[in-house]
Amino acid sequence: MAERETGRERTPAGATASTRARARLDQPRPTRRRLLPEWDPEAFGRFSERIARFLGTGRFIVWMTVVIIAWVLWNIFAPRDLRFDNYPFIFLTLMLSLQASYAAPLILLAQNRQDDRDRVNLEQDRKQNERSIADTEYLTREIAALRIGLGEVATRDWIRSELQDLVKEIEARRDGHVVFPAERSAGRDADDR
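Rules behind the numbers
- Residues numbered from 1 in each chain as written.
- Predicted model: local features only at pLDDT ≥ 70, side-chain atom pairs only at ≥ 80, totals over all residues.
- Heavy atoms only, no water.
- Helix = DSSP H or I, 4+ residues; strand = E, 2+ residues; numbered from the N terminus.
- Buried < 20%, exposed > 50% of the residue type's maximum accessible area, 1.4 Å probe, protein only.
- Contact = heavy atoms within 4.5 Å.
- Areas by Shrake-Rupley, 256 points an atom, 1.4 Å probe, with all protein chains shown as cover.
- Expected span 1.5 Å × (residues − 1).
- Arc of directions from axis to C-beta.
- Patch = residues over 30% accessible without salt bridge, like charges linked within 9 Å, V, L, I, M, F, W, Y side chains within 5 Å.
- Salt bridge = Lys/Arg side-chain N within 4 Å of Asp/Glu carboxyl O.
- Phe/Tyr/Trp six-rings, centres within 6.5 Å; stacked < 30°, edge-to-face > 60°.
- pLDDT = per-residue confidence, 0-100.
- Axes fitted to C-alpha atoms, helices over the stretch in contact; angles between N-to-C directions.
- Parallel < 35°, antiparallel > 145°, perpendicular 65-115°, else oblique.
- Left-handed = near helix turned anticlockwise from the far one by under 90°.
- Nonpolar A, V, L, I, M, F, W, Y, C, P; charged D, E, K, R; others polar.

Our next topic: the overall build of the protein. Within the protein, the secondary structure is distributed over six helices and zero strands. Its helices and strands in sequence order give the protein the pattern α-α-α-α-α-α, from N to C terminus. By the burial criterion, 11% of the 193 residues in the protein qualify as buried. Looking at the protein alone, contacts between residues at least 24 apart form 52% of all its contacts between residues at least 6 apart. A total of about 17,800 Å² of accessible surface is found on the protein, and carbon and sulfur atoms cover 59% of it.

Spelled out as structure tokens, the structure:
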């Protein structure tokens, strides 16, 4: 009763007791400030795939070759005060290293995403193959059952021969000659069916 009146929470005692305040589970956590910027990993992945696709084209190689040739020609033949990277082309080397240092991780990220997609597709293909195998086995069992059942069905030739035997028996009775059932089926095999 004293807890309600004062509005204080009861703190646990014993081996599991904690001195810090408990978080409420019925309310969302408050947002925390982050020092690093947040980004959407899917959007970043799509962006890296676009870059990796571009880096793997002949267009990129042609443009990179044109830029490097223009860079070298400018820094050799331009007036001395307009050149920005003299002969050993250290700045060009730095720019190419920078491009390579960004291209490699982006290409790896794109490959990882492709591997994930391939893994999912492979799993779906495996499941589809299992279903196809199960369907094929079921159909094989059904065809075998139909073949067995068809072996027990009377064929047209067997029915025709039975009808001819019955017609002969009827004609024989009409003529006064009695035919016993043993005489009618004599010489016939069960395989004639």
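Attention now goes to unusual backbone geometry. Of note in this structure, F89 is not a glycine but carries a positive phi near 50°. Mapping F89 onto the fold places it in the loop between α3 (58-77) and α4 (90-151).

Let us look at helix α2 (residues 41-55). In this model α2 runs 21 Å from its N-terminal to its C-terminal C-alpha over 15 residues, within 8% of the 21 Å that 1.5 Å per residue would give. Taken as a whole, α2 has its buried residues at G45, S48, E49, A52 and L55. One side of α2 holds all its buried residues, which, seen down the axis, span an arc of 125°. Turned more than 90 degrees away from the buried face of α2, the exposed residues are R50 and R53. Among the structural elements, α3 and α4 are those in contact with the buried residues of α2.

Let us now look at a nonpolar patch on the surface. On the surface, a nonpolar cluster with roughly 820 Å² of combined accessible area is contributed by W74, L82, F84, F91, L94, M95, L98 and Y102. Per-element accounting of the nonpolar patch gives the leading share, five residues, to α4. Looking at the element boundaries, W74 is found in helix α3.

Further remarks concern the packing of aromatic side chains. Between two aromatic rings, the relevant description is the distance of the centres plus the angle of the planes. Applying the stated criterion to the full structure yields four aromatic pairs. A ring pair is formed by Y87 and F89, whose centres lie 6.0 Å apart and whose planes are at 65°; its orientation type is edge-to-face. An aromatic cluster is present here, built from W71, F84 and F91 joined pairwise through their rings.

A few words now on the confidence of the model for the protein. In this model, the protein carries an average pLDDT of 83, and 81% of its residues clear a pLDDT of 70 or more. Across the protein, the element-wise mean pLDDT spans from 48 in helix α1 (residues 2-6) up to 94 in α3.

A separate point is the packing of α2 against α4. Two numbers describe how α2 lies on α4: the axes approach to 8 Å, and their chain directions differ by 110°. Considered as vectors, α2 and α4 are oriented roughly perpendicular to each other. Both α2 and α4 take part in a crossing whose hand is left-handed. Facing α2, whose interface residues are E42, F44, G45, R46, S48, E49, I51, A52 and L55, α4 presents Q99, A103, L106, I107, L109, A110, R113, Q114 and R117. Classifying every residue of the contact of α2 with α4 gives nine nonpolar, four polar and five charged.

Running from amino to carboxyl end, α3 crosses α4 at an angle of 160°, the nearest separation of the two axes being 11 Å. With respect to their mutual orientation, α3 and α4 come out roughly antiparallel. You can see that α3 and α4 cross each other, and the crossing is right-handed. Here α3 contributes F60, M64, I68, W71 and V72 to the contact with α4, which in turn contributes F91, L92, M95, L96 and Q99. Its residues placed into classes, the contact of α3 with α4 shows nine nonpolar, one polar and no charged.

A word on α4. Its 62 residues place the ends of α4 89 Å apart at the C-alpha level, agreeing with the 92 Å of an ideal helix rising 1.5 Å per residue. All of the buried residues in α4 are L92, A103, L106, A110 and R113. Buried residues belonging to α4 abut α2 and α3.

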